[in-house]
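Here are the chains, one letter per residue:
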Amino acid sequence: MEAIFKDLTTTVYGNPHSQSDSSSATSDIVREARRQVLDYCNASQKDYKCIFTSGATAALKLIGENFPWSCKSTFMYTMENHNSVLGLREYALNEGAAAFAVDINEAVDQDGASRSSLTSFKVLQHPVQIRNEAKILEGELTECNFSGMRFSLDLVNNVKQNAEKILEGSPCSKGHWMVLIDAAKGFATQPPDLSLYPADFVVISFYKLFGYPTGLGALIIRNDAAKLLKKTYFSGGTVAASIADIDFVRRREGVEEQFEDGTISFLSIASIRHGFKIFNTLTTSAMCWHTMSLTKFLKRKLLALRHENGESVCTLYGNCPLKVSRHDCGSIVSFNLKRPDGSWFGHREVEKLASLYGIQLRTGCFCNPGACAKYLGLSHSDLLSNLEAGHVCWDDNDVINGKPTGAVRVSFGYMSTYEDAKKFIDFIRSSFISMPSEFEKRYLLRSKSIPCPTEGFEDRLPSSACHLKSITIYPIKSCAGFSVNSWPLSNTGLQYDREWLLKSLTGEILTQKKVPEMFLIKTFINLNQQILSVESPYCKRKLQIKLDSDSYLPGREEFYLQNQRYEVQCYENEINQWFSDAVGQPCTLVRCCQSEYCFSLNKNRSMGMCRDVNGKLNFANEAQFLLISEESVSDLNNRLCSKTQKLSCGAPPNVNPMRFRPNLVISGGEPYAEDGWRNLRIGNTYFSSLGGCNRCQMINFYQQTGQVKKTNEPLATLASYRRVKGKILFGILLRYDPGNKARLDTNSWLKVGDEVHSNSE
C-alpha cells in the first residue's frame, strides 16, 4: 500500500483511450499488467488473453451473456460452486440448454491408493434441469470457498478428453466440452498452470490476491474460446469506428479491446504490479506451503479441543479433500462449534464475540448454497422451510430447528502468522470451552421451569427494599432520551416512548449502530404544552413538533419492522430537513399510528430470548420496558476495574446505567436479583418479566467532548459472565400487566421513589 500511495501521488496516469504521453505510458502499464497476470498462471500470450473486469463475478457474467447457448448446450457445475457461477445457469436455461450439478469423487484402488490416470475421478450427476424444450458443453471447476477443498486440475484434461467415461454413459457426456475455472479463491496461493491444464476460461479477483484494489478482476480466455463469444453491445474503446445516423460499426480486432467496455480501471490496474512484486519475491510455492501449514495447524488444534465431559468442540467441513499433488488442502478452515450437550453454538455468536477480540471472521454460507447444504446436511425441505421462517443470507438466524444455517470460516493469506492462528485458538478455548457460569446454569433452569400464573400474583408479592430511582423516555428510536420524576403509562408502555423513528430515503431504519450521530440528538416532551422538542449540535435552531401535529402529510404509510406491521404518519419537508442535517444524511421522520404483530420466527424460543408478541409495542425492539439495577451496574464496574488493573491498561471505564438505555432504573437489593423475577409491582402498577435483555454493540458507544466514541467495553466483560445460549444478557424486559383487572388502566403513572415488589420463581 505504501508503494501504491507513492506511485499515485507522484505519477500522472491518463485514459489509455488517447494518445497523450500520460495515456501512452498508462497503456504500457496495462499491457505489462496483462503479461504479469498470464505469467502468474503460466499461460502463453500466444494462446491466452487477459480481459480486465470489475471482479470475478463480472468476468463470469461476461461469459454467460456472450456464450452461444442453445438447446444443444449443457452447463455442468459442481455442488460446491459459488452463487456467481450458479448464475450462469440462468443464461443456459433461458436459451433452452440443459444444466446439472455434480459431486466429484476421487477414485481409489483397492489398496486405498489414489489413481493417477486421467480417469481417476467419478462424477455423480444430480438431476438435469431444462427450462424450455430441450453439443458445445461447458464444465466448471473450482476451489470450494466453503470447505477449502481443492479439486485436482487433472479434471481439466479429464473433462476435455474423457468426459464420456467419467460421466459413465450419461446422455450429456458426448460433445465438445469447454472448461471454466473459478479461481477467485484458489488463485491467491495456488494458481492453475495453464500450460499443463489448458482450461478455456479462468476468472480471478485481485482483492482476494492482494487485499487491494477492490472492484478489479480478470477473465483469462483461450483465443479459440474467445472466438465463440458473440458480443452484441459496443461502447467507447471497443470500436474502431461507428456512424451515428446509420447502422454501421467496425469493432476492434483485439480480444481485450472487444470485451473491455468503456474506460478500464487503469489506476487499479497500475496498482496490481506492486502486489506482483511482492509475490515474485515470495514465490507461489512458498505461499502455498505457508498457508497450507497454517491451515493444517489450525485444523489439528480445533479437532483436539474437548469439553470437560470429553465431547468434541469443533466440527470441520471438507476435512478430507481430494488430493492435489502435494497440496491437499486450501487456505481456509470452515467449521461450527458445539456445546457439551451436543447443541450448536450459532455462527453469528462466534462472529460477534470474535470482533470483541479484534478477530474478523466471515460467517454464513459464503454465497455457496450447494456446499452449505452438502456439508451442513440441509435438505431441500430444510432450505425452503428456513426461507419460509424468514431466514435469508446475512441475517442473525444462525440455528433453526436445531440445525446450523451456516458456518464459521477462517481464511489465511501470505501475510498470516502462527501467532494469528494461536490467538484464534485461545479465543475459542476461552469463549466456548470454559464451564458455564452459575448465572447461565440458573437462567437455563429458570427458562425450563413452569411460568408462574399472572392471575392473582399481586397477592404473593413480598415486601422489598428496592425503589424506582429514575424514569427515562426515548421518544425517537435510537436518539437520546429524557428523565422525569413521574410519567403516564399507555398500552404500549411509557406514553410516547419510541413512538417516532427516522428512515433513510431507501426505507432503511436508522439506528445508532449505523448512525452514531443520533446519540447526540436530545429530546424532551412537555405534556402540558403537548410539544416534542428536539435539539442537535449540528442544527442551529431547536425543533418543536406539536403532538397533535398540523405538519403531517396527508395519508398514512405502512411498513414492517421486527415482524411487526406498522401504520405510520409522515411529516412535511421542513421537519425532515432538520433531521437530515442532524444525522448528516437525507432521512424522514415517521410516527407510529398502529402496529400489529404478524408472525414469530421460532415459537419454541426460551423465555426472555425473543420479541414480546403479546404486548402492544411502538418501535421498541423487544418489549415495552427495559429495567436496569444500580447494584448490577456497580458489580459490572467492579469487574471492569479488576480487569483493567490486571491488564495494566490505564484508568478503568466507569459505565453509567444510562449506557444501557433503560426506561427504569431501580436501586436496592442484590446485584442481578432481577434475573429471577417473574412479576413485580412498582407503586400500584403491575408488570410481567419477559426475561433478560440481549445486549449488542450499541452499549459500547459513549459520548465524550461532544463526540460519539466506541470501545469493546462493557460488552466484552459482560460476555465473560453473562452469556446464555448465544445471548449476552443484562437488565430485564417488562410488559405492563393488568393483574386481576379486566383491562389495562391507561391512567396509571409511575413515580420516582415508588417501591418495587418482586415475585421470583
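In this text the structure is predicted, and so the values were computed from the model without any measurement. (Residues numbered from 1 in each chain as written. Predicted model: local features only at pLDDT ≥ 70, side-chain atom pairs only at ≥ 80, totals over all residues. Heavy atoms only, no water.)

Undergrad: What should I look at first to understand the layout of surface pockets in this one?
TA: In this approach, a probe sized like a water molecule rolls over the atoms, and the result shows the empty space that is left. Approximately 1200 Å³ is the volume found for the second largest pocket. In this structure, the second largest pocket is lined by 49 residues; those nearest its centre are Lys-185, Tyr-207, Lys-208, Arg-409 and Ser-411. In terms of residue count, the dominant contributor to the lining of the second largest pocket is helix 7 (residues 206-210) (four residues). Mapped onto the domain boundaries, the lining of the second largest pocket takes at least three residues apiece from domain 1 (1-107 + 119-282) and domain 2 (285-432). (1 Å grid on protein atoms, 1.4 Å probe; cavity = no way out; pocket = protein on both sides within 12 Å on 5 of 7 lines; lining within 4 Å. Points joined across faces, edges and corners; volume = space filled by probe spheres on them. Helix = DSSP H or I, 4+ residues; strand = E, 2+ residues; numbered from the N terminus. Domains from an automatic or database assignment.)

Undergrad: Could you clarify how one ought to interpret the sheet that holds strand 13 (residues 332-337) in this entry?
TA: What holds strands together in a sheet is hydrogen bonding between their backbones, with the strands either parallel or antiparallel. One open sheet accounts for four strands, arranged 12-13-17-14; its pairing is antiparallel. The open sheet is flanked by strand 12 (314-316) and strand 14 (362-364), the only strands paired with a single partner. Averaged over all adjacent pairs, the angle separating strand axes in this sheet is 30°, with direction ignored. Note: strand 12 against strand 13, three bridges, orientation antiparallel. (Pairing = 2+ DSSP bridges. Axes fitted to C-alpha atoms, helices over the stretch in contact; angles between N-to-C directions.)

Undergrad: I'm lost on the pattern of salt bridges in this one. Help?
TA: Proximity of charged atoms lets side chains of opposite charge pair with each other. In total, this model carries 25 salt bridges according to the counting rule given. In this structure, the salt-bridge partner of Glu-574 is Arg-541, at a minimum N-O distance of 3.5 Å. Taken together, the positions of Glu-574 in helix 17 (residues 573-583) and Arg-541 in the loop between strand 24 (531-535) and strand 25 (543-546) put the pair 33 residues apart, joining distant regions of the chain. On the basis of relative accessible area, Glu-574 is assigned to the exposed category, the value being 51%. We classify Arg-541 as partly exposed; its relative accessible area is 39%. One salt-bridge network, held together by shared partners, links Glu-32, Arg-35 and Asp-39. (Salt bridge = Lys/Arg side-chain N within 4 Å of Asp/Glu carboxyl O. Buried < 20%, exposed > 50% of the residue type's maximum accessible area, 1.4 Å probe, protein only.)

Undergrad: Would you mind going over the state of the cysteines with me for this structure?
TA: In protein chemistry, a disulfide is the covalent bond that joins the sulfur atoms of two cysteines. All told, the structure shown has one disulfide when counted by the stated rule. The residue that forms a disulfide with Cys-365 is Cys-372, at a sulfur-sulfur distance of 1.9 Å. Distance from the sulfur of Cys-592, which forms no disulfide, to the nearest cysteine sulfur (Cys-593) is 6.7 Å. The class for Cys-592 is buried, based on a relative accessible area of 10%. Residue classification places Cys-593 among the partly exposed positions, given a relative accessible area of 31%. (Disulfide = S-S within 2.5 Å.)

Undergrad: Sorry if this is basic, but what is going on with the nonpolar core here?
TA: In this structure, Val-37, Phe-52, Phe-206, Leu-209 and Ile-272 are the most contacted members of the largest nonpolar core, which totals 60 residues. Lining this core are residues from two domains, each supplying at least three of them: domain 1 (1-107 + 119-282) and domain 2 (285-432). Beyond its immediate stretch of four places on either side in the chain, Val-37 contacts Cys-50, Phe-52, Phe-187, Ile-204, Phe-206, Ile-220, Ile-272 and Phe-276. Formed by 48 residues, the second largest nonpolar core is a distinct cluster that contains Phe-427, Ile-433, Ala-623 and Ala-716. (Core = buried A, V, L, I, M, F, W, Y, C linked by side-chain atoms within 4.5 Å. Contact = heavy atoms within 4.5 Å.)

Undergrad: How do you make sense of the UniProt feature "modified residue: N6-(pyridoxal phosphate)lysine" (unreviewed entry) in the protein when you look at a structure like this?
TA: Mapped onto the present numbering, the UniProt feature "modified residue: N6-(pyridoxal phosphate)lysine" (unreviewed entry) falls at Lys-208. With respect to the helices and strands, the residue Lys-208 is situated in helix 7. Residue class for Lys-208 comes out partly exposed when judged on its relative accessible area of 37%. Look past the residues within four positions of Lys-208 in its chain and what remains in contact with it is Ala-184, Lys-185 and Ala-188. (UniProt positions renumbered as here; feature names shortened; annotations may be inferred.)

Undergrad: I tried to follow the confidence of the model for the protein on my own but got confused; where do I start?
TA: Close inspection of predicted coordinates is inappropriate for parts of the model with low pLDDT. For the protein, per-residue confidence averages 83 on the pLDDT scale, and residues scoring 70 or more make up 84% of the total. Every residue in residues 321-327 scores below 50 in pLDDT, and together they form 28 contacts with partners more than four places removed in sequence or on other chains. Across residues 740-744 the pLDDT falls below 50, and counting only partners more than four positions away or on other chains, this stretch makes eight contacts in the model. (pLDDT = per-residue confidence, 0-100.)

Undergrad: Which parts of the structure should I look at to understand the packing of helix 11 (residues 284-304) against helix 15 (residues 418-432)?
TA: When two helices pack together, you describe them by how their axes are tilted relative to each other and by the distance separating the axes. It is at 10 Å that the axes of helix 11 and helix 15 come closest, and there the two elements cross at 20°. Here helix 11 lies roughly parallel to helix 15, going by the angle between them. Where helix 11 crosses over helix 15, the handedness of that crossing is right-handed. Counted together, Ser-293, Leu-294, Phe-297, Leu-298, Lys-301 and Leu-302 of helix 11 and Tyr-418, Ala-421, Phe-424, Ile-425 and Ile-428 of helix 15 form the full contact between these two elements. For the contact of helix 11 with helix 15, the class distribution of residues is nine nonpolar, one polar and one charged. (Parallel < 35°, antiparallel > 145°, perpendicular 65-115°, else oblique. Left-handed = near helix turned anticlockwise from the far one by under 90°. Nonpolar A, V, L, I, M, F, W, Y, C, P; charged D, E, K, R; others polar.)

Undergrad: What is the right way to read the side chain of Asn-618 from this model?
TA: One can find Asn-618 in the loop between strand 28 (587-597) and strand 29 (625-629). Among the polar contacts made by the side chain of Asn-618, one reaches the side chain of Thr-492 at a distance of 3.3 Å. (Polar contact = N/O pair within 3.5 Å; in protein donor to acceptor, adjacent residues only side chain to side chain.)

Undergrad: Explain the environment of His-391 here, please?
TA: Relative to the assigned elements, His-391 resides in the loop between helix 14 (380-388) and strand 15 (399-400). Remark: the alpha-carbon pair of His-391 and Thr-405, spanning 14 residues in sequence, is separated by 8.7 Å. Excluding its chain neighbours within four sequence positions, the residues that come into contact with His-391 are Asn-386, Asn-397, Ile-400 and Thr-405.

Undergrad: Explain the pairing of strand 1 (residues 48-53) here, please?
TA: The side chains of a regular strand alternate, residue by residue, between the two faces of the sheet. Counted residue by residue, strand 1 has six buried out of six residues, so it is predominantly covered. Burial along strand 1 is two-sided: the residues Tyr-48, Cys-50 and Phe-52 and Lys-49, Ile-51 and Thr-53 are all buried. Here six bridges tie strand 1 to strand 9 (residues 217-222), and the two strands are oriented antiparallel to one another. In the strand pairing of strand 9, Lys-49 is matched with Ile-221.

Undergrad: Explanation requested: the packing of aromatic side chains in the structure shown.
TA: Two aromatic rings, taken as a pair, are described by how far apart their centres are and by the angle between their planes. A full pass over the atoms with the stated rule returns 27 aromatic pairs. For the pair Tyr-40 and Phe-279, a centre-to-centre distance of 5.9 Å together with 40° between the ring planes defines the contact as tilted. Taking the relative accessible area as the measure of exposure, Tyr-40 reaches 12% and is therefore buried. Judged by centre distance (4.6 Å) and plane angle (50°), the rings of Phe-67 and Trp-69 are tilted. Residues Phe-67 and Trp-69 agree in their burial class; the two are buried. Connected via pairs of aromatic rings, a cluster forms that spans Tyr-40, Phe-52, Phe-206, Phe-210, Phe-276, Phe-279 and Tyr-414. Across the ring face of Tyr-721, the terminal group of Arg-639 is positioned such that the distance to the ring centre comes to 3.7 Å. The positively charged end of Arg-723 is found above the aromatic ring belonging to Phe-432, 4.9 Å away from the centroid. (Phe/Tyr/Trp six-rings, centres within 6.5 Å; stacked < 30°, edge-to-face > 60°. Lys NZ or Arg CZ within 6 Å of the ring centre and 35° of its normal.)

Undergrad: What exactly am I supposed to notice about a nonpolar patch on the surface here?
TA: Taken together, Met-1, Phe-5, Leu-8, Tyr-212 and Leu-267 make up a surface patch of nonpolar side chains, about 460 Å² in accessible area. Considering the arrangement of structural elements, one finds Tyr-212 in the loop between helix 7 and strand 9. (Patch = residues over 30% accessible without salt bridge, like charges linked within 9 Å, V, L, I, M, F, W, Y side chains within 5 Å. Areas by Shrake-Rupley, 256 points an atom, 1.4 Å probe, with all protein chains shown as cover.)

Undergrad: Please clarify how unusual backbone geometry should be interpreted in this entry.
TA: Residues other than glycine predominantly adopt negative phi, and peptide bonds predominantly adopt the trans conformation. At the junction of Tyr-212 and Pro-213, the peptide bond is cis and its omega measures out at 0° in the coordinates. Glu-713 connects to Pro-714 through a cis peptide bond whose omega is 10°. With respect to the secondary-structure elements, Pro-714 resides in the loop between strand 34 (707-710) and helix 19 (715-721). A positive phi angle, near 70°, is found at Tyr-496, a position not held by glycine. Secondary-structure assignment places Tyr-496 in the loop between strand 21 (493-494) and strand 22 (500-504). You can call Tyr-496 buried: its relative accessible area is 9%.

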